[in-house]
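Here is how the chains run, residue by residue.
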There are 2 protein chains.
Amino acid sequence: MRDVYVIGVGMTRFGELWESSLRDLFVEAALAALDDAGNAGEHLSSMYVGCMSSGLFVGQEHIGPQLADYLGRIPIPATRVETACASGGAAVLHACLEVAAGVSEVVLAGGVEKMTDGADVTSALATAADQEYEAYHGVTFPGLYALMARAHMHRYGTTREQLARVAVKNHKHGALNPKAQYPFEITVEQVLNSSRVADPLRLLDCSPVTDGAAAVILASEEAARRAGSHPLIRVAASAQATGTIALHSRADITRLDAVEQAAKEAYRQAGITPDKVDVSEVHDCFTIAELCVMEALGYTEAGKSGPLAEAGETNIGGRMPINPSGGLKAKGHPVGASGAAQIVELVHQLRGEADGRQVENARIGLAQSMGGTGASCTVHILEGVS
Amino acid sequence: MRDVYVIGVGMTRFGELWESSLRDLFVEAALAALDDAGNAGEHLSSMYVGCMSSGLFVGQEHIGPQLADYLGRIPIPATRVETACASGGAAVLHACLEVAAGVSEVVLAGGVEKMTDGADVTSALATAADQEYEAYHGVTFPGLYALMARAHMHRYGTTREQLARVAVKNHKHGALNPKAQYPFEITVEQVLNSSRVADPLRLLDCSPVTDGAAAVILASEEAARRAGSHPLIRVAASAQATGTIALHSRADITRLDAVEQAAKEAYRQAGITPDKVDVSEVHDCFTIAELCVMEALGYTEAGKSGPLAEAGETNIGGRMPINPSGGLKAKGHPVGASGAAQIVELVHQLRGEADGRQVENARIGLAQSMGGTGASCTVHILEGVS
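Residues numbered from 1 in each chain as written. Chains lettered and ligands numbered in written order. Predicted model: local features only at pLDDT ≥ 70, side-chain atom pairs only at ≥ 80, totals over all residues. Heavy atoms only, no water.

Q: Go over the environment of Glu161(B), please, and point to the residues and values.
A: Residue and element names in this part refer to chain B. Here Glu161 is to be found in helix α7 (residues 160–174). Residue classification places Glu161 among the partly exposed residues on the basis of a relative accessible area of 36%. Through-space distance from the C-alpha of Glu161 to that of His380 is 30 Å; in sequence the pair is 219 residues apart. (Helix = DSSP H or I, 4+ residues; strand = E, 2+ residues; numbered from the N terminus. Buried < 20%, exposed > 50% of the residue type's maximum accessible area, 1.4 Å probe, protein only.)

Set out below in structure tokens:
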């Protein structure tokens, strides 16, 4: 197993992009990433596409070869990978594996989702929960995360205001990101007064429905050094784990076991402890998710995430900046693309090219992506090495 | 990169299995494969699930962790891979990569599809074609393969009877397979008189709609030798390629470029020529597909497959036995499972445990799986080494 480097990143603007089809979006992001990687794209020999549900959203499965075709890259192998909202993270993980194994020098990993074309989005997303034991009985994701939030509040005294702080912080960051779907700030009052979705979660606790794509070029050290112009970013860890798909099967619904497992493995691979991470992109599909993830990543003890968020520790400039991109909440959440977009943001941060949202002296970045209520999780750790 | 071995195989009966859910089917096949692998299953550290469209067929995405959960194997990583009807082949390919890379000692690769639960199957399958340029305009798969058949007949003089021979032969083989959906023989006359689906293809030229699952356990040489009781089966090649998703983009619609590319790479990896293959399982979703695939695999020149089928050369006992399992036509075609089920059959053949349908002295087997009209293709070559 050899080292793997990120040598190119690209993404579309996130939003309601009615003028673009799924293939348009992916190709735009992939071409941007290839362009960013300089001439290394000539050696591209394989593709992974993360996408949760192109079948339900736009009536198109089999997007691996379709996107390779429209990118002008057939006959290279192209596989779609799906782990619900962690699909983009899984695409990056499997691409890393292929480079690490020595099978390929340069591999493209991207994610895409086209959600605003008219499908019943809530029902489509609910297929990431247990259809027979959850969705069929009427529990969709806002309801499932609301259960987690209520349990966290009950057990640890987490407050409604602390949840709101997560959204306020991510919008503050997102306002600095030109690719964000909602690049504007919001207040705690606005969150608390927004319409109720599934008590205690309100509209501004929820990430939006989004179209978008993101892509990453992974390469061997030799190919990375040949590509040249950017600071080298090494993939120090690439880990994945699973948990029970149904919330009712868990011993403690405030804990994300798959995130804990993937994080533990990632820290082992990278040889670091959580306090060494300078900047994180995590899966804040709902405000409560960001809090539970902070605990599962070992950034704080169980139950202590709310006060940290309230104290501003997770802001850019805080002790542990989280979601400088604006996160899923403000940047947007095209589900299959989000995991790949996290890597795009980390690379900008570690290269020092994140403009107004730059985390100072960022050298180690962590990306955590999850599917469903955390049944799938990928964790990547990137390290700037030059 | 190290050698990879198949140490366990299992599959459900294929058919209209209304009493079983998707998770039931997958778990049944996976447990059978783990049982077949002896105690090696203790070291299982990762899973790949091939599935084309659980979202459209049964309203369930995110089946990787769901199936890991129901198999009692969380927190191991589990990824669904999708390349339409080649998804099972792709699952095997990515599992092989993980073992070859040295990341895992024992990996499960399976495929599953539950197609008879009430979805609009023809529309769901059409999402493997180009939705915007083919399916939307009314061309579904029988129509697309009919275009290929008509072109092959026009260019090479392939006859209606030669197409029928493929179905007759596969049913003859399938009658010997207790897991087959249609374990009975048919005649050329029955094929020619069956109802017209898309001229020149008739009902008995088409593979059926099927529920089923298949699973394969891949392992390193050390793990394979520890597992013990079976003859060793080495994965001599594992290759994948893509072609244009839309038929109209191809220079010649009688040729399967992705199959040619994947086969070329597979022969290179295995260090063999096509004539060294003793037994093949190929993707006969329609009778014309088996003929085009024979040519793309280099088993014969372009245009010569029809006469070979007519002469019985592809029967068990013939010079190049194809689809001893009954193929997709008679064994059934649960789309995401078919590529994995091909490996199951080859392993039985190479172990010499295929009973009435045993190909004598089979030492090298080839499995070819494809998605859509061949936009995705995987080719595996297995070799009995002890």
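Q: Can you tell me about the packing of helix α4 (residues 87–100) of chain A against helix α14 (residues 338–351) of chain A, naming the residues and giving the values?
A: Residue and element names in this part refer to chain A. Between α4 and α14, whose axes approach to 4 Å, the crossing angle comes to 65°. If you check the angle between α4 and α14, you find them roughly perpendicular. Taking contact as the criterion, the partners of Gly88, Gly89 and Val92 in α4 are, on α14, Gly339, Ala340 and Ile343. Among the residues forming the contact of α4 with α14, the class breakdown is 3 nonpolar, 3 polar and no charged. (Axes fitted to C-alpha atoms, helices over the stretch in contact; angles between N-to-C directions. Parallel < 35°, antiparallel > 145°, perpendicular 65-115°, else oblique. Contact = heavy atoms within 4.5 Å. Nonpolar A, V, L, I, M, F, W, Y, C, P; charged D, E, K, R; others polar.)

Q: I'd love a proper account of the relation of the copies chain A and chain B, names of residues and values included.
A: Rotating chain A by 180° and translating it 0.0 Å along the rotation axis places it on chain B, where the RMSD comes to 0.0 Å. The relationship between the two copies is best expressed as a two-fold rotation axis. Here 100% of the interface residues in chain A have copies in chain B that are interface residues too; the copies meet face to matching face. (Least-squares fit on C-alpha atoms with pLDDT ≥ 70 in both.)

Q: Explain the pattern of salt bridges to me, and be specific about the residues and the numbers.
A: By the definition in use, this model includes 52 salt bridges over all chains. Ionic pairing is found between Glu260(A) and Arg255(A), a salt bridge with its closest N-O pair at 3.0 Å. Glu260(A) sits in the partly exposed class, given a relative accessible area of 26%. The exposure class of Arg255(A) is partly exposed, given its relative accessible area of 37%. Arg351(B) is the partner of Glu353(B) in a salt bridge, and the nearest nitrogen-oxygen pair spans 3.0 Å. (Salt bridge = Lys/Arg side-chain N within 4 Å of Asp/Glu carboxyl O.)

Q: An account of the nonpolar core is needed here, citing residue identities and associated values.
A: One finds Val6(A), Leu218(A), Ile343(A), Leu382(A), Val6(B), Leu218(B) and Leu382(B) to be the most contacted residues of the largest nonpolar core, which totals 72 residues. When near neighbours in sequence (up to four residues on either side) are disregarded, Val6(B) contacts Val216(B), Ile217(B), Leu218(B), Ile233(B), Val235(B), Val347(B) and Leu382(B). (Core = buried A, V, L, I, M, F, W, Y, C linked by side-chain atoms within 4.5 Å.)

Q: Can you lay out the environment of Gly326(B) for me, pointing to particular residues and giving the numbers?
A: Residue and element names in this part refer to chain B. With respect to the helices, strands and loops of the structure, Gly326 is situated in the loop between α12 (305–310) and α13 (327–331). Taking the C-alpha atoms as reference points, Gly326 and Glu281, 45 residues apart in sequence, are found 9.0 Å from one another. Look past the residues within four positions of Gly326 in its chain and what remains in contact with it is Asn170, His173, Gly174, Asp284 and Lys331.

Q: Explain the packing of aromatic side chains to me, and be specific about the residues and the numbers.
A: The tally for this structure, following the rule as stated, stands at 6 aromatic pairs over all chains. Measuring from centroid to centroid gives 6.5 Å for Phe141(B) and Tyr145(B), while their planes differ by 40°, and the two rings are tilted. Taken together, the residues span about one helical turn, with Phe141(B) and Tyr145(B) both in helix α6 (residues 141–156) at a distance of 4 residues. A cation sits over an aromatic face here: Arg23(A) above Tyr70(A), 4.6 Å from the ring centre. (Phe/Tyr/Trp six-rings, centres within 6.5 Å; stacked < 30°, edge-to-face > 60°. Lys NZ or Arg CZ within 6 Å of the ring centre and 35° of its normal.)

Q: Quick rundown of the interface of chain A and chain B? Include the residues and the values.
A: In many reports, interface size means the accessible area that the parts give up when they come together. Each side of the interface is counted separately: chain A has 53 residues, and chain B has 53 residues. Counting each side, the surface lost to burial between chain A and chain B is near 4,200 Å², with a carbon and sulfur contribution of 54%. Looking at the side of chain A facing chain B, the largest losses of area belong to His62(A), Glu82(A) and Thr242(A), adding up to 16% of the total buried there. Run the count over chain A and chain B and you get 6 salt bridges. Where Arg23(A) meets Asp130(B), a salt bridge forms, and the shortest distance between an N and an O atom there is 2.8 Å. The tally of links between chain A and chain B comes to 36 residue pairs in polar contact (both at pLDDT 80 or more). Among the elements of the structure, α2 (54–58), α3 (63–70), β3 (78–82), α4 and β8 (233–242) of chain A are those that each provide at least two residues to the side of chain A that touches chain B. (Buried area = accessible area lost by both parts, 1.4 Å probe. Polar contact = N/O pair within 3.5 Å; in protein donor to acceptor, adjacent residues only side chain to side chain.)

Q: How would you explain the pairing of strand β2 (residues 44–50) of chain A if you had to name every residue and give the values?
A: Residue and element names in this part refer to chain A. In terms of burial, β2 is largely enclosed, as 6 of its 7 residues are buried. Note: β2 against strand β4 (residues 106–113), 5 bridges, orientation parallel. In the sheet register, Gly50 faces β4, and the bridge partner there is Gly111. Pairing analysis gives 4 bridges linking β2 to β3, with the strands arranged parallel. If you follow Val49 over to β3, its bridge partner there is Arg80. (Pairing = 2+ DSSP bridges.)

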